[in-house]
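Chains, contacts and geometry: an overview
For reference, the chains in residue letters:
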Amino acid sequence: MKLFVFRHFDKAHIGTFIFGLWNVFIVGIVTYTTFVIPFSIAIGEPFYAFAKRELFLTVIYTADIVISLIRIRRKASFMHIEYNAMKSFYRRWIITDIIAALPLAQLLGMPLLQVFRLAKSAKVIFLTQVFRRVMANYSNPILLMQILYWVMIATHCLACGWLLMRGMDHDTDIRTNYIEAVYWTTATLTTVGYGDITPNAPNERIYAIFTMLIGYSLFGYLIGSVAGILAKRDPVREMYNENLEKLTSAARYANLPLELQRRIYEYFRYQMSRRVGYDEEGFLKNLPPSLRGEVSLYFRKEVLENVALFEDAPQAFMFEIAQQLREQIIAPDEYVFKAGDPGRQMFLIAHGIVDVYNTDETKHLRTLSEGDHFGEVALFHDIPRTATVKANTYCDLYLLNKQTFERTLSAYPTIAERIKEKAELRFKDASTE
Ligand code: CMP
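Residues numbered from 1 in each chain as written. Predicted model: local features only at pLDDT ≥ 70, side-chain atom pairs only at ≥ 80, totals over all residues. Heavy atoms only, no water.

**Some details on the sheet that holds strand β7 (residues 388-391)**
Note the cut-off: In this description, strands pair whenever DSSP reports at least two bridges between them. For the purposes of this entry, the term helix denotes a DSSP run of H or I that reaches at least four residues, the term strand denotes a run of E that reaches at least two, and both are numbered from the N terminus. Angles run from 0 to 180 degrees between N-to-C directions of axes, and those axes are lines fitted to C-alpha atoms, restricted for helices to the stretch in contact.
Taking strand neighbours across the sheet as the criterion, the four strands line up as β2-β7-β4-β5 in an open arrangement whose pairing is antiparallel. Only two strands of the sheet have a single neighbouring strand rather than two, namely β2 (335-337) and β5 (364-368). Mean inter-strand twist for the sheet, computed between neighbouring axes without regard to direction, equals 25°. Here four bridges tie strand β4 (residues 354-357) to β5, and the two strands are oriented antiparallel to one another. Among the inter-strand pairings, Asp355 is bridged to a residue of β5, identified as Thr367.

And the structure:
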């Protein structure tokens, strides 16, 4: 069953998707120019060699400014967060984007002015920031890739600067010249400084100082970023570590038997592997009602999509149910409840297997698994539990309490009828045992 919110893919989304592809293209072009232009300047490429590239960049960068401005104007079709970010970016950086789009080298007849094309890198920085925010799940790997990207670009640009300063050694080919320059830059940036290629002229020494200073800052930034990533809190893992610490001290002071310790440890591990325990409810509480419904539905999407009873249920019903579910883990061989217990909730199985037994547990009635439900008979008939339910494996169950069950079903008679039919069959089954 597909839920409505995930089917929602209209024109605005297609526009955003195409604009996303365009931005990926721009990042590719900017990366290409950041490598090619410094190299072209360093080896003294003549005008005719880069005239086509200049024309191409002027067209593409101008098109990018126009497309981005049109995108900002069509506010309604734009994701709000991106719209605001884009607007504030252009408020500050439109001049750099315009400068990067101008064919200054061609207009003023100075190849060195190609360097102004690199101003477009501001847009790449902005786009990667947006990308990290949109792909919040992968924010850390993206940050690491971003650092690697800028380290490579910085090394390349500094190596080209070094080539320009020293001049080309015409006894060897361009490739060897470049490799030597990158080698010198890496050794200087990392402050290793082997000393086999040394700056002799004053301007070379000044350049070496400049490179070393950049190396320090880059190194500091790198350490800071990696430390930041490591220090980022993962609430579920933190809870797991805390629980393990508590288990260790409980085991020490209360002398817990080894078998019991093992079972507790297994429970914590399962809880972490299923990522149950993440403070979903605390998070949802801080959201406005409209968002809360959608986010709860997203959190519980997998479970609800699997429940055969809710197939083709209206979206409003799913919203309501999703917000009311409570999660519970049951360990293997643990009773969910016994026959005769008062019935206060209905259960949905998100993960795991349970066994249903008759009243005195002499007969196995049924095995239920992911997507099944149980505990509805007692609620419909207002009677104690008609059977015993025991976990066969670790189970994630979602509970729907009696009041919510009754209130929600009274508003959706078709679904109520479906659950009731099944409950009647089970009720007969259980009473004939
Ligand atoms: P309830 O009586 O509330 O608690 C026990 C539950 O076991 C019952 O609701 C049904 O959901 C479930 N149950 C009882 N008999 C059967 C059966 N024969 N097959 C599947 N589930 C059953």
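**Structural notes on the packing of aromatic side chains**
Formally: Each Phe, Tyr or Trp ring (for Trp, its six-membered ring) is paired with any other whose centre lies within 6.5 Å, and the angle between the two planes then decides the class: stacked below 30 degrees, edge-to-face above 60, tilted in between. Remark: exposure states derive from per-residue accessible area (1.4 Å probe, protein chains only) relative to the maximum for the residue type, with buried under 20%, exposed over 50%, and partly exposed in between. Here, over-ring charges are defined by two tests on the NZ atom of lysine or the CZ atom of arginine: distance to the ring centre within 6 Å, and angle to the ring normal within 35 degrees.
For the coordinates displayed, the defined rule picks out 20 aromatic pairs. Ring plane angle 80° and centroid distance 5.2 Å describe the contact between Phe89 and Tyr90, whose orientation is recorded as edge-to-face. Summarising the burial analysis for this pair, Phe89 and Tyr90 share the class buried. With 6.1 Å between their ring centres and 20° between their planes, Trp184 and Tyr207 make a pair best called stacked. Taken together, the positions of Trp184 in helix α8 (residues 174-189) and Tyr207 in helix α9 (residues 202-231) put the pair 23 residues apart, joining distant regions of the chain. Classification of Tyr207 as buried rests on a relative accessible area of 12%. Joined through ring pairs, the aromatic side chains of Trp162, Trp184, Tyr207 and Phe210 make up one cluster. For the cation-ring pair, Lys120 lies above Tyr61, with the distance from its terminal atom to the ring centre recorded as 5.0 Å. The ring of Phe337 has Arg385 lying over it, and the distance from NZ or CZ to the ring centre is 4.0 Å.

**Observations regarding a nonpolar patch on the surface**
Test applied: In this analysis, a patch consists of residues with relative accessible area above 30% that form no salt bridge, clustered at 9 Å for like charges and at 5 Å for the nonpolar side chains Val, Leu, Ile, Met, Phe, Trp and Tyr. Under the convention used here, a 1.4 Å probe and the Shrake-Rupley method define accessible areas, while residue burial counts only the protein chains that appear. Take a side-chain nitrogen of Lys or Arg and a carboxyl oxygen of Asp or Glu: if they are within 4 Å of each other, that pair is a salt bridge.
On the surface, Ile14, Phe17, Ile18 and Leu21 cluster together into a nonpolar patch covering about 410 Å² of accessible area. Among the structural elements, Ile14 can be located in helix α2 (residues 11-42). Ile14 sits in the partly exposed class, given a relative accessible area of 41%.

**Structural notes on the nonpolar core**
We apply this condition: Within this scheme, the nonpolar core is defined by two criteria: the residues are buried Ala, Val, Leu, Ile, Met, Phe, Trp, Tyr or Cys, and they are joined through side-chain atoms within 4.5 Å. By definition, residues are in contact when any of their heavy atoms lie within 4.5 Å.
Within the largest apolar cluster, 25 residues are counted, with the highest numbers of intra-cluster contacts made by Leu304, Phe310, Phe317, Leu348 and Ile415. Elements that contribute at least two residues to this core include exactly α14 (301-306), α15 (315-324), β3 (345-351), β8 (395-401), α17 (402-411) and α18 (413-432). Setting aside its immediate chain neighbours within four residues, Ile415 contacts Leu309, Phe310, Ala313, Pro314, Phe317 and Leu409. Counting 23 residues, the second largest nonpolar core, distinct from the first, contains Phe19, Ile26, Ile65 and Leu118.

What is shown is where atoms sit, not what they do.
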